[in-house]
Amino acid sequence: MPDTHNTPERSFYGDLARHGDAPALIVSGGATLSYRALDAAARAFAEQVGLGRKLVFLELENDVASITAYLGCLIAGHVVHPVATGGGAKFDRLVATYRPNLVVRHLTGSDAAVEDLGNTSVGLHPDLRLLLSTSGSTGSPKFVKLSHRNIQSNADAIVDYLRLGSDERAITTLKPSYSYGLSVLHSHLACGAALLLTDASVTDRGFWDMFRENRCTSFAGVPYTFEMIRKSGFDLGQLDTLRYATQAGGRLPADDVRRLALQSAAQGWRFYVMYGQTEAAPRIAWLPPEHAAERPGAIGVPVPGGTIMLYDDAGTVIAADETPGELTYAGPNVMMGYAESPDALAGDETPPVLRTGDLAVRHADGLFSIVGRKARFVKPFGIRVNLDEVEQDAGETAPGAVCTGDDTRIVVALPAGTDGQKAELVQRLAARYGLPPHIFVAQVVDPLPRLANGKIDYRALLTATTDPVAHAAADGPANFRSIVTSPRFYRTIWDEAAGILGLHTQSWDSVAHIYGGFLGAAAASGGSFADSDGDSMSYVSVSLALEEYLGQLPEAWEHLPQAELEALREQPAAF
Amino acid sequence: MSNLLHSKSVDTDVVLRAIAIALVAWNHAIPSGTKSLGLPDFAGGMTLLMMMSGYSFARFVLTDATPVEVRHGLMLFAKRILLPSLAAVLFFMLIKRKVSLTELLFVSNWFTTYRIAIFPVWYVQVILQMMVLLLGLFAIPPFARWFVAQPLRGSLVVFAAALATRMILPVFIDTKPLLHHLPHLYLWNFTLGWLVYFLHDRRTPGALTLASLAILASGAMVWGPLSYQFLALVVGGLLLVWKTRMKLPMIVARVVGLVSQATFTIFLLHRFFFVVYTGTVGRILPAGLLMWALGLAACTLAWVVGAATLRAYHKLAAAGMAAAVPGAGLSPARTAG
């Protein structure tokens, strides 16, 4: 049977004009662009940038100009990395590393501006279409590689299980550079439905008026969206045209899922809980609305065309119900692998299955629920870090290094004779993973503690390794003297003062970096500002730093976990 | 440079903090009796600041909190105010070569309006004593459980009781000689911030209107509608309620951000700066507006230096901490330490 997802002609962007004069993009209070007009505009942009295989970094926002540019680049056959505007130094680092041929800038109120950087073309795999930032490792330029087949199959699957048709009209609530937001765009274009483009938030006055006036039928939300709706007291039942709402991007508390499930059933609309990862373009599972009230903690069933399997530690498939194992996913939407350098863009490393790192169980009714994370993942400051990956990175500096950790610190046990490399290693890992250096504890451990079967005893290693806070206390006076007498201390004071005064841009690598800098060890759990002992004394500094880093702060940001705030900028993960 | 003229959206909370502390400094730079300068004194900064403190406290500590978390938040807040204030009090006692036990214990507001410290220490005393009062209140399990379960209703009850205390008690006990600088008489001001926050959090027009009415009514009752305190409280409070963010030219936003971050440093140091200024350059340069502006700038700069030093130290300590663990391998003795 031919794979219909594999031909760009049969794609959501290949022939937009087939939907004729149906509305495609609607600007609130402004123009409506039909599919025919969108097709023409996208093709004109494709001609402007030229056909072929170029690497394009594109600032993508919820407006006609940048969406047209995005579709134009796909039509032209280029490989696109969509990114939110205002990427600052981080975006510049990405451009310096990957040397794209074109950068398409987003200009408010006018066409997108194309910058030809004149770079020599890098090798691009013929199937490669999209590059998205990964979850975790936020400080490092790492991409998920997605093919046309990956994104088209996932868009088709979403159309299928959400029962989308050309009469749907979604209001935008997420940035399209975020994999979840992008999937909303793709799936609606795939079925000839319309999108109302706005940057307004559900908490903005007028958002729901806009929804009503334009007779929208759906919206997508992350847990924060639904929390804000609940806090605002707005009753979704007032929306006569609402047909469904979707939720992804993190776990919504079971009580909220149940409440929304019962509310939607009573009011005649559907509420979908979904699960996924950017690595799956992004959707992996969905919970049929009729099960949401009785199984509010479940992620549901695999999307059409996909399969979910659970594996135990020995790598064996778990057949029994209610037995936890690592959730792995197979389907046409599984990525082509990661890219950490331009060279990796030429290859296809599609894994046979996608190992999510999440622990799940299958219930007797066939629904899956997430019950935890695999032990080799930790979440300091809410950022998912793969300890195997850290171990591999550390091994490049100190072969034989072993890594363990928990949500407050990452311990790198080094082989004998590597004392001199500790400082450089810590700095490198901190920069690579976008975490404050104090999270990493590099220590020579020789010999390594082992279990009776000869395997490394990670638990003993973690327990036995010096606690960084205790160490700082014990070593305090000596450390204090050595710091305040070093010339570097005074240079750093000058740098910090210049940054505070705005004489140079302060370089924040992550939300965790900001919280660690202002709130110290109390922020290491990855909790919200309020949970990390933040108060009115530190509030102004943290809020200004966050604004600088994120661009704009959402309301009630102080109660959002660090990972959710990070998602507002990078928006890499789409659970 | 042109970027500095672009507008930037700023949290109203940040702007109001800067305005409030600037008003406090203004009131001390241009006190009553110097009207010959042609500039009005302007009390009210402290009143606005106190409400903002309560607002922030509700936002960061009382929201979705357990009784234990509230008590922890109260203690943490007290500690963060106490330590720098104590250092400042000791510093002023040292340079003035005078000691007052009641001032060192932050209770002199109950006995006298005289103070050795050259900053409005009464404000710190009132805040610290309010924290003790509230700790006692939240140590009562049924009350604490009831409050955290319904913080809006709880805030309303505590605020109403505090306002009644403020209005009724001075009728029977004359606290005017102490300028009413007592915790139970300022609790209304702090808990007004709680009430405003929880009403604002509802975001409905009705709740926002109620918050506005609470500000107007309590301000008028305590200060009278023709006072600067009332004006500062009402203008600041209504902005906080109805305008969550405001657009400012980039350069103004930057200055406001700096002053806002430096609020507590300005609070502690501005009067000392005025004393030094008056005794030195004040002999040739005018006081008033210039002294006020230079005072704000100098205190903000002092904060910048302090903050930069702390950040630099933490940065290097964190890097050193992770790298400096001796590499002798694991032994029972080391792990025990």
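Residues numbered from 1 in each chain as written. Chains lettered and ligands numbered in written order. Predicted model: local features only at pLDDT ≥ 70, side-chain atom pairs only at ≥ 80, totals over all residues. Heavy atoms only, no water.

Student: Just checking my understanding: could you explain the overall build of chain A for this structure?
Tutor: Of regular secondary structure, chain A possesses 18 helices and 25 strands. Relative to its 575 residues, chain A shows a buried fraction of 60%. Sequence separation of at least 24 residues holds for 67% of the intrachain contacts in chain A that already meet a minimum separation of 6. Total accessible area computed for chain A in this model is approximately 21700 Å², and 53% of it derives from carbon and sulfur atoms. (Helix = DSSP H or I, 4+ residues; strand = E, 2+ residues; numbered from the N terminus. Buried < 20%, exposed > 50% of the residue type's maximum accessible area, 1.4 Å probe, protein only. Contact = heavy atoms within 4.5 Å. Areas by Shrake-Rupley, 256 points an atom, 1.4 Å probe, with all protein chains shown as cover.)

Student: Looking at this structure, how should I read the overall build of chain B?
Tutor: Scanning chain B from N- to C-terminus turns up 14 helices and two strands. Of the contacts formed within chain B by residues at least 6 apart in sequence, a portion of 70% connects residues at least 24 apart.

Student: Teacher, can you tell me more about a nonpolar patch on the surface here?
Tutor: A cluster of nonpolar side chains, namely Ile168, Leu169, Val171, Phe172 and Ile173 of chain B, defines an oily patch on the protein surface of about 520 Å² accessible area. With respect to the helices and strands, Leu169 of chain B occurs in helix H7 (residues 151-172). (Patch = residues over 30% accessible without salt bridge, like charges linked within 9 Å, V, L, I, M, F, W, Y side chains within 5 Å. Salt bridge = Lys/Arg side-chain N within 4 Å of Asp/Glu carboxyl O.)

Student: Can you walk me through the packing of helix H8 (residues 183-202) of chain B against helix H9 (residues 205-223) of chain B in this structure?
Tutor: Helix packing for two helices is described by the angle between their axes and how far apart those axes are. Residue and element names in this part refer to chain B. Where H8 contacts H9, the axes come no closer than 8 Å and their chain directions differ by 165°. Looking at the two axes, H8 sits roughly antiparallel to H9. H9 is crossed by H8, and the crossing has left-handed handedness. Within the contact between the two elements, H8 uses Tyr186, Trp188, Leu192, Leu195, Val196, Leu199, His200 and Arg202 and H9 uses Ala207, Leu208, Leu210, Ala211, Ala214, Ile215, Ser218, Val222 and Trp223. Taken together, the residues of the contact of H8 with H9 sort by class into 14 nonpolar, two polar and one charged. (Axes fitted to C-alpha atoms, helices over the stretch in contact; angles between N-to-C directions. Parallel < 35°, antiparallel > 145°, perpendicular 65-115°, else oblique. Left-handed = near helix turned anticlockwise from the far one by under 90°. Nonpolar A, V, L, I, M, F, W, Y, C, P; charged D, E, K, R; others polar.)

Student: Please clarify how the pattern of salt bridges should be interpreted in this entry.
Tutor: Any two side chains of opposite charge can pair, on the condition that their charged atoms come close. Residues and elements named next belong to chain A. Counted under the stated rule, the structure contains 23 salt bridges over all chains. Glu389 is the salt-bridge partner of Lys142, the closest N and O atoms lying 3.1 Å from each other. With a gap of 247 residues between them, Lys142 in the loop between strand E7 (128-133) and strand E8 (143-147) and Glu389 in helix H10 (residues 387-397) connect regions that are remote in the sequence. The pair formed by Lys142 and Glu389 is uniform in burial state, with each residue classed as buried. A salt bridge links Asp393 to Arg432; the nearest nitrogen and oxygen atoms lie 3.3 Å apart. With Asp393 in helix H10 and Arg432 in helix H11 (residues 422-433), the pair connects residues that are 39 residues apart, well separated along the chain. Each member of the pair, Asp393 together with Arg432, is buried. By sharing partners, the salt bridges in this structure join Lys142, Glu340, Glu389, Asp393 and Arg432 into a single network.

Student: Just to check I follow, could you spell out the pairing of strand E2 (residues 245-249) of chain B for this structure?
Tutor: In the case of a regular strand, side chains alternate between the two sheet surfaces. Residue and element names in this part refer to chain B. What you see with E2 is a clean split: Met246 and Leu248 sit on the buried side and Arg245, Lys247 and Pro249 on the side with no burial. Taken together, the five bridges between strand E1 (residues 7-11) and E2 define a ladder with antiparallel strand orientation. Counterpart to Val10 in the pairing with E2 is Met246. (Pairing = 2+ DSSP bridges.)

Student: Any chance you could explain the packing of aromatic side chains here in plain terms?
Tutor: Remark: the centre distance and the inter-plane angle together describe each pair of aromatic rings, the angle taken between the planes. All names here are of chain B. Using the criterion set out here, one finds 46 aromatic pairs over all chains in the structure. Plain terms: the ring middles of Trp122 and Tyr123 are 5.9 Å apart, the flat faces sit at 80° to each other, and that makes the pair edge-to-face. Take Trp122: its relative accessible area is 12%, and that puts it in the buried class. Taking the relative accessible area as the measure of exposure, Tyr123 reaches 8% and is therefore buried. Where Tyr123 meets Phe267, the ring centres are 5.4 Å apart and the plane angle is 55°; that geometry is what we call tilted. (Phe/Tyr/Trp six-rings, centres within 6.5 Å; stacked < 30°, edge-to-face > 60°.)

Student: Would you mind showing me how to read helix H5 (residues 179-190) of chain A here?
Tutor: Residues and elements named next belong to chain A. Compared with the 16 Å implied by 1.5 Å per residue over twelve residues, the 16 Å span of H5 between its first and last C-alpha is a close match. Counting buried residues in H5 gives twelve out of twelve residues, a clear majority hidden from the surface. Residues of H5 that are buried include every one of Ser179, Tyr180, Gly181, Leu182, Ser183, Val184, Leu185, His186, Ser187, His188, Leu189 and Ala190, and no others. In the segment just after H5, Gly192 is the residue with positive phi, at about 75°. (Expected span 1.5 Å × (residues − 1).)

Student: Is there a simple way to explain the pairing of strand E17 (residues 325-330) of chain A in this structure?
Tutor: Residue and element names in this part refer to chain A. Of all six residues that make up E17, six are buried, and the element is covered over most of its length. Two strands pair when backbone bridges link them, and E17 and strand E19 (residues 354-362) are joined in this way by four bridges, in the antiparallel orientation. Each residue of the ladder has a partner; that of Thr328, found in E19, is Arg355.

Student: Teacher, can you tell me more about the sheet that holds strand E24 (residues 410-414) of chain A here?
Tutor: Within a beta sheet, neighbouring strands are joined by backbone hydrogen bonds and run either parallel or antiparallel to one another. All names here are of chain A. As summarised here, the arrangement of the three strands in space is E23-E24-E25, forming an open sheet in which the pairing is mixed. The open sheet has two edge strands, strand E23 (402-405) and strand E25 (440-444), and neither has a second partner. Averaged over all neighbouring strand pairs, the angle between strand axes comes to 20°, with direction disregarded. Contacts from H11 reach E24 and E25 within the one sheet, and its direction differs from that of E25 by about 150°.

Student: Is there a simple way to explain the packing of helix H16 (residues 511-519) of chain A against helix H17 (residues 536-550) of chain A in this structure?
Tutor: All names here are of chain A. One way to put it is that H16 packs onto H17 with a least axis distance of 10 Å and a crossing angle of 160°. The angle between H16 and H17 falls in the class roughly antiparallel. Seen along the crossing, H16 lies across H17 with a hand that is right-handed. For the pair H16 and H17, the contacting residues are Val511, Ile514, Tyr515, Phe518 and Leu519 in the first and Ser538, Ser541, Val542, Ala545, Leu546, Tyr549 and Leu550 in the second. Across the contact of H16 with H17, the residue classes break down as ten nonpolar, two polar and no charged.

Student: What should I look at first to understand the environment of Ala413 of chain A in this one?
Tutor: Residue and element names in this part refer to chain A. Locating Ala413 in the fold gives a position in strand E24. Measuring from C-alpha to C-alpha, the distance between Ala413 and Ala401 comes to 5.6 Å, with twelve residues separating the pair along the chain. Ala413 has contacts with Gly400, Ala401, Val402, Gln443, Val445, Leu448 and Leu461, leaving out every residue within four places of it along the chain.

Student: Teacher, can you tell me more about H16 of chain A here?
Tutor: For an α-helix, 3.6 residues make a turn, and residues three or four places apart therefore share a direction. The element H16 of chain A is extensively covered by neighbouring structure, given that seven of its nine residues are classed as buried. Buried residues of H16 of chain A: Val511, Ala512, His513, Ile514, Tyr515, Gly516 and Leu519 of chain A, and no others.

Student: Explain the environment of Thr328 of chain A to me, please; I cannot follow it from the model alone.
Tutor: Residue and element names in this part refer to chain A. Position of Thr328 among the secondary structure elements: in strand E17. Using a relative accessible area of 1% as the deciding quantity, one classes Thr328 as buried. In the structure, Thr328 is positioned 31 residues away from Leu359 in sequence and 9.3 Å away in space, judged by C-alpha atoms. Sequence-distant contacts of Thr328, defined by excluding residues within four places in its chain, comprise Thr307, Ile308, Met309, Tyr311, Val353, Leu354 and Arg355.

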